[in-house]
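Structure at a glance
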Amino acid sequence: MGGGVSHVRPGDLVINLQRENWTQRRRVAGDDVIPVPAGLDLLQAAMLRINPPTALLLLTDVVELRPGDWIIQNVANSAVGRFVIRLGRARGVRTVNVVRREALFAELAPLGADVCVVDGPDLADRVKAATGGASIRLGLDAVSGQATARISTSVGENGVVCNYGAMSGEDPVMPRGKLIGDGQSLVGFILGRALAPRSRAQVREIYAELGEQVRAGVLTAPVERVYPIEEIRAAVAHAERGQRQGKILVAPNGPVAR
């Protein structure tokens, strides 16, 4: 530890905000080190850096949401999607959760999902029926391509569609009528850009709050398997499979018990 660093001590578990973290040792600036609350499950701690703050800032930075507002998101069974449900429920925000198979409804309902629907060409009609025609202010899209357009058709007038992922490998598509006639906006989100304007004290506060919620079991993501680093090829192949039941993690020095 350098002499000017006072917010962490030797032995603390920390997150490194910089990239290139697949190393045994790194020398990094003190400001890039975020302490993790003591007692956090290591597997959940391994997922703290990206998904929980992404979910939080999608709910706070894109649209000024109020209690009772509706949002819609696809890939709702992902880690970010699950966190959006939990964090949204705590703020009184109601969620429409789009997934690819009905079997996932039973997993999302206990998290606080208000409505679950299967994605498809008639998505807007089924969302309207399920919400009683509620005006949806924000759509969160992690798929891109035509999935963006389907989210847009479910968002109300002057609503915002926020793209933060491209699972389809395509660019987002927005119906011209929604952009021009309904006054919708399409915006993008990436965590690094969202954190950049904040002071390091503010960033630490965000992670401290989220870490406490992870420790309390409020924010947790399922883990399907942990691979030793020696099996990285198998781990990556597993992570790219469809219909997984949780995250794929990689651990150094052999497997972590799971």
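Nothing here was measured: the structure is a model prediction, and the numbers come from that model.

Digging into the overall build of the protein
The helix and strand tally for the protein stands at 10 helices and 10 strands. Taken over the C-alpha trace, the protein has a radius of gyration of 19 Å; the compact-globule value for 258 residues is 18 Å, and the two agree within 12%. For the protein, with 258 residues in total, the buried portion stands at 43%. For the protein, long-range pairs separated by at least 24 residues make up 60% of all intrachain contacts whose partners lie at least 6 apart in sequence. Accessible surface, the protein as shown: approximately 13600 Å² in total, 50% of it carbon and sulfur.

Considering the nonpolar core
Judged by nonpolar contacts, the single largest core of 47 residues is most densely connected at L48, L57, I71, L138, L140, F189 and Y207. Residue contacts for L57: discarding those within four places in its chain leaves V62, F189, L191, A194, L195, R198 and I206. One finds V96, L123, I136 and I151 within the second-largest nonpolar core, a separate group that totals 13 residues.

A word on unusual backbone geometry
Not every positive phi belongs to a glycine, and S144 is a case in point at roughly 75°. Positionally, S144 belongs in the loop between β6 (136-141) and α6 (146-154). Judged by relative accessible area, S144 falls into the buried class, the value being 2%. Within the chain, N158 stands out as a residue other than glycine whose phi angle is a positive 65°. Overall, N158 belongs to the exposed group, its relative accessible area being 56%.

Points about the sheet that holds strand β5 (residues 115-118)
If you walk across this open sheet you meet the six strands as β5-β4-β3-β6-β7-β8, and the pairing is parallel. The open sheet has two edge strands, β5 and β8 (185-188), and neither has a second partner. Within this sheet the neighbouring strands show an average axis-to-axis angle of 20°, counted without direction. Two strands pair when backbone bridges link them, and β6 and strand β7 (residues 160-163) are joined in this way by four bridges, in the parallel orientation. Opposite D141, over in β7, you have N163 as the bridge partner. In this fold helix α3 (residues 79-90) packs onto β3 (70-74), β4 (94-99) and β6, with an angle of close to 165° to the strand it touches most, β3.

The rules we used
Residues numbered from 1 in each chain as written. Predicted model: local features only at pLDDT ≥ 70, side-chain atom pairs only at ≥ 80, totals over all residues. Heavy atoms only, no water. Helix = DSSP H or I, 4+ residues; strand = E, 2+ residues; numbered from the N terminus. Rg over C-alpha atoms; globule rule 2.2 N^0.38 Å. Buried < 20%, exposed > 50% of the residue type's maximum accessible area, 1.4 Å probe, protein only. Contact = heavy atoms within 4.5 Å. Areas by Shrake-Rupley, 256 points an atom, 1.4 Å probe, with all protein chains shown as cover. Core = buried A, V, L, I, M, F, W, Y, C linked by side-chain atoms within 4.5 Å. Pairing = 2+ DSSP bridges. Axes fitted to C-alpha atoms, helices over the stretch in contact; angles between N-to-C directions.

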